[in-house]
Amino acid sequence: MTAARVTLCFLLRDGAGGTEVLLGLKQTGFGRGKIVGVGGHVEPGESDAQAVIREVLEETGVVLQMEDLADAGSVHFVFPARPEWDMQTRLFTARTWQGEPAPSEEIVPEWFRVDTLPVDRMWQDADHWLPVVLEGRTVNVVVTMHTDNESVASSRSLLE
């Protein structure tokens with residue numbers, strides 16, 4: 001089975017207490033009830049960048065342009081107990097956009113300081129790679145989940 005192609009974009013802004021990132025409380029589907037990055041599946045015929053621009057608009061109402069996106073690398077998620085959940089995830093950050101984030105049926109967006117991420121409410125893997133992305137660096141990581149599909153069995157960087 002081939003891993004699903006997925007994209008995530010982390011909008012970043014300067015807040016009073018430091019840099020903030022837009023995350024969202026997932027309302028439906030995979031990851032429901034968790035704080036997640038904004039994004040989703042790549043549709044047939046879309047590039048990763050086109051998909052993340054569409055997903056950010058659908059989920060938050062924020063308009064991104066291609067030139068707003070910065071490549072932040074990728075994370076390959078492996079679920080040995082549920083291979084149909086495997087995902088190849090392309091990551092982006094953005095510091096410019098149009099509009100203010102608003103809730104949708106899928107996501108309730110919220111700004112968080114990057115130095116106090118709500119990791120206790122996120123997928124456990126986020127702590128393995130998200131801080132690196134939010135520092136402005138690029139990742140290329142393989143995260144393998146335990147059979148409980150919640151906890152991380154291993155996390156391996158493919159970058160030297």
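Note that the structure is a prediction, hence the values are computed from the model and not measured.

Asks: Would you take a moment to explain the nonpolar core for this structure?
Replies: One recurring pattern in soluble globular proteins: nonpolar side chains tend to sit buried together. If you look at the biggest cluster of nonpolar residues, it comprises 29 residues, and the most contacted ones within it are F10, L91, W129 and L130. For this core, the elements supplying multiple residues, two or more each, are β1 (4-15), β2 (18-26), β3 (35-36), β5 (69-78), β6 (87-94), β7 (107-113), α2 (126-134) and β8 (139-145). It is α2 that contributes the most residues to this core, five residues altogether. Not counting residues up to four positions away in its chain, the partners in contact with L130 are F10, L117 and M122. In this structure, V52, V56, V62 and L64 belong to the second largest nonpolar core, which totals 14 residues.

Asks: Mind showing me how you'd approach the layout of surface pockets here?
Replies: Rolling a probe over the atoms, with the probe sized like a water molecule, indicates the empty space that remains. Its boundaries defined by the atoms lining it, the largest pocket holds a volume of some 590 Å³. Lining the largest pocket are 32 residues, and of these V6, L8, F30, M87 and W123 lie nearest its centre. Among the elements that line the lining of the largest pocket, the one with the most residues is β1, at four residues. Across the lining of the largest pocket, the residue classes tally to 18 nonpolar, seven polar and seven charged.

Asks: Quick question: what am I supposed to make of the pattern of salt bridges here?
Replies: Once the charged atoms of two side chains with opposite charge are near each other, the side chains can pair. Taken as a whole and judged by the stated rule, the model has 14 salt bridges. For R90, the salt bridge is made with D48, and the minimal N-O distance between the two is 3.3 Å. Remark: D48 occurs in helix α1 (residues 48-60) and R90 occurs in strand β6; sequence separation between them is 42 residues. Because the salt bridges share partners, they merge into one network encompassing E43, E46, R54, E55 and E58.

Asks: Would you take a moment to explain the environment of G61 for this structure?
Replies: Tracing the sequence through the fold places G61 in the loop between α1 and β5. Considered as a pair, G61 and Q98 are 37 residues apart in the sequence and their alpha carbons are 9.0 Å apart. Among all residues touching G61, those that are not within four sequence positions of it are V56 and Q98.

Asks: Got a minute to help me understand the side chain of E59 in this structure?
Replies: Inspection of the secondary structure puts E59 in helix α1. One buried charged residue, E59, forms no salt bridge at all, with the nearest opposite charge on K26 at 5.6 Å. Of note is the side chain of E59, whose polar atom sits 3.2 Å from the backbone nitrogen of G39. In this structure, E59 is in contact with V38, G39, A102, P103, S104, E106 and I107, ignoring residues within four places of it in sequence.

Asks: What is the right way to read unusual backbone geometry from this model?
Replies: In most cases, non-glycine residues show a negative phi, while peptide bonds are predominantly trans. Look at N149: it is not a glycine, yet its phi comes out positive at around 60°. By secondary structure assignment, the location of N149 is in the loop between β8 and β9 (152-157).

Parameters and conventions
- Residues numbered from 1 in each chain as written.
- Predicted model: local features only at pLDDT ≥ 70, side-chain atom pairs only at ≥ 80, totals over all residues.
- Heavy atoms only, no water.
- Core = buried A, V, L, I, M, F, W, Y, C linked by side-chain atoms within 4.5 Å.
- Buried < 20%, exposed > 50% of the residue type's maximum accessible area, 1.4 Å probe, protein only.
- Helix = DSSP H or I, 4+ residues; strand = E, 2+ residues; numbered from the N terminus.
- Contact = heavy atoms within 4.5 Å.
- 1 Å grid on protein atoms, 1.4 Å probe; cavity = no way out; pocket = protein on both sides within 12 Å on 5 of 7 lines; lining within 4 Å.
- Points joined across faces, edges and corners; volume = space filled by probe spheres on them.
- Nonpolar A, V, L, I, M, F, W, Y, C, P; charged D, E, K, R; others polar.
- Salt bridge = Lys/Arg side-chain N within 4 Å of Asp/Glu carboxyl O.
- Lys, Arg positive; Asp, Glu negative; His and termini not counted.
- Polar contact = N/O pair within 3.5 Å; in protein donor to acceptor, adjacent residues only side chain to side chain.

Any functional reading would require information beyond the geometric quantities listed.
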